[in-house]
Amino acid sequence: MTPPPRAPWYKERAGKIFLAILALLAIVGTTFFLLTGYYVWKIRAGDGGALAREFSRQFTLDPAQALVASSNILPVPIASLRKSYSPTLGEDGAAVKIVAFIDFECPYCRASFPIFQNVIETYGPAIQVIFKHLPVSQIHPQAMDAHIAAACAHEQNAFWPYYEQLFGDDGRLYQSSLFGYAESLGLDTDTFQRCRGNETVQTAIREDVADAAAIGIRGTPTYVVNQRKLEGVVPREVWDKIILS
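Because the structure is a prediction, the values reported are computed rather than measured.

Rules and cut-offs
Residues numbered from 1 in each chain as written. Predicted model: local features only at pLDDT ≥ 70, side-chain atom pairs only at ≥ 80, totals over all residues. Heavy atoms only, no water. Helix = DSSP H or I, 4+ residues; strand = E, 2+ residues; numbered from the N terminus. Buried < 20%, exposed > 50% of the residue type's maximum accessible area, 1.4 Å probe, protein only. Contact = heavy atoms within 4.5 Å. Areas by Shrake-Rupley, 256 points an atom, 1.4 Å probe, with all protein chains shown as cover. Pairing = 2+ DSSP bridges. Right-handed = clockwise from strand over helix to strand, strands pointing away. Axes fitted to C-alpha atoms, helices over the stretch in contact; angles between N-to-C directions. Parallel < 35°, antiparallel > 145°, perpendicular 65-115°, else oblique. Left-handed = near helix turned anticlockwise from the far one by under 90°. Nonpolar A, V, L, I, M, F, W, Y, C, P; charged D, E, K, R; others polar. Disulfide = S-S within 2.5 Å. Phe/Tyr/Trp six-rings, centres within 6.5 Å; stacked < 30°, edge-to-face > 60°.

Asks: Please clarify how the overall build of the protein should be interpreted in this entry.
Replies: When its secondary structure is counted, the protein shows nine helices and seven strands. Across the 245 residues in the protein, those meeting the buried criterion constitute 41%. Partitioning the intrachain contacts of the protein with sequence separation of at least 6 by distance along the chain shows that 74% fall at a separation of at least 24. Accessible surface, the protein as shown: approximately 13,400 Å² in total, 59% of it carbon and sulfur.

Asks: Looking at this model, I keep getting lost on the pairing of strand β3 (residues 96–102). Mind explaining?
Replies: In regular strands, side chains alternate between the two faces of the sheet. Most of β3 is tucked away, with six of its seven residues classed as buried. With seven bridges connecting them, β3 and strand β4 (residues 127–133) associate as parallel partners. From the neighbouring strand, V99 faces β4, where its bridge partner is I130. Crossover β3 to β4 through helix α3 (residues 107–123) is right-handed.

Asks: Any chance you could explain the packing of helix α6 (residues 175–184) against helix α7 (residues 189–196) here in plain terms?
Replies: Geometry of a packed helix pair, given as the angle between the helix axes and the separation of the axes. Axis separation between α6 and α7 bottoms out at 10 Å; the angle between their running directions is 140°. Between α6 and α7, the interaxial angle falls into the category oblique. As α6 packs across α7, the resulting crossing turns out to be right-handed. Contacts between α6 and α7 involve Q175, L178, F179, A182 and E183 from the former and T189, F192, Q193 and R196 from the latter. Of the residues that constitute the contact of α6 with α7, the class distribution is four nonpolar, three polar and two charged.

Asks: What is the right way to read the state of the cysteines from this model?
Replies: Where two cysteines share a covalent bond between their sulfur atoms, that bond is called a disulfide. Taken as a whole and assessed by the stated rule, the structure comprises one disulfide. Each sulfur of the disulfide joining C152 and C195 lies 2.2 Å from the other. With the S-S dihedral at roughly -90°, the linkage between C152 and C195 falls on the left-handed side. With C152 in helix α4 (residues 143–155) and C195 in helix α7, the pair connects residues that are 43 residues apart, well separated along the chain. Judged by its relative accessible area of 1%, C152 is buried. C195 sits in the buried class, given a relative accessible area of 9%. Free cysteine C106: the closest other cysteine sulfur is in C109, separated by 3.3 Å. Relative accessible area serves as the criterion here: at 1%, C106 is assigned to the buried category.

Asks: Sorry, what's going on with the packing of aromatic side chains here?
Replies: Where two aromatic rings form a pair, the distance of their centres and the angle of their planes describe that pair. Taken as a whole and judged by the stated rule, the model has 17 aromatic pairs. Here F116 and Y223 contribute two aromatic rings whose centre-to-centre distance is 4.9 Å and whose plane-to-plane angle is 45°, an arrangement assigned as tilted. One end of the pair, F116, is in helix α3; the other, Y223, is in strand β6 (residues 222–225), and 107 residues separate them in sequence. Assessed through its relative accessible area of 2%, F116 is described here as buried.

Asks: Looking at this structure, how should I read the sheet that holds strand β7 (residues 228–231)?
Replies: Two modes of strand pairing occur in sheets, parallel and antiparallel, and in both the strands are linked by backbone hydrogen bonds. Spatially, the five strands line up as an open sheet ordered β2-β4-β3-β6-β7, and their pairing is mixed. Edge positions in the open sheet fall to β2 (88–89) and β7, since each of these has one partner strand only. In this fold helix α8 (residues 199–214) packs onto β3 and β4, with an angle of close to 105° to the strand it touches most, β4.

This is the structure we're talking about:
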């Protein structure tokens, strides 16, 4: 009896390749599912600090935004992020607009501060900076108080000097320090203290946090330069390249 003809060799090889691809896809899918479950468990367990450290050494990741996909391009016009309460430095007609999402307790924001200050000093009238409050309270318990204090300094037209105080040499965010910075800048301290209990100021900060989440800002520091997002401590040469391009 004549045995049935075998399939051509190339069909057999194609079948083996197809099975290998299916196996690989199954492994990748299982790995993704397990990792996603792991990070969700970390978030729900409140282990935000460990999770943030796993993601980056130059960027404070908000645990609530850990699973948000990052994009290099802002999905909305940069002008829409500027609110009536937003501290702004520079002229509206500046060629380069920079939105800075900052957490005053973030160590990487502190590391980025002198670099960013030098960028501002160098490019001056060519840039406009819009500040957005992004206290990552899950892992920075003193951040919200510092942002409220800075917003109250803004009420007395002293946001940027106060911002520099918060990132100064000691950078202490204790209640006494926050009040001391206001004193050192000659603010009306009674008005400053009343402002710190003002729900309107706190609501504005929460709106900035909501804006950040809505456009996929995952943590601090994040800078948006003419629609392009930069995460973490950005080297000076990168700033120069982006601004001059």
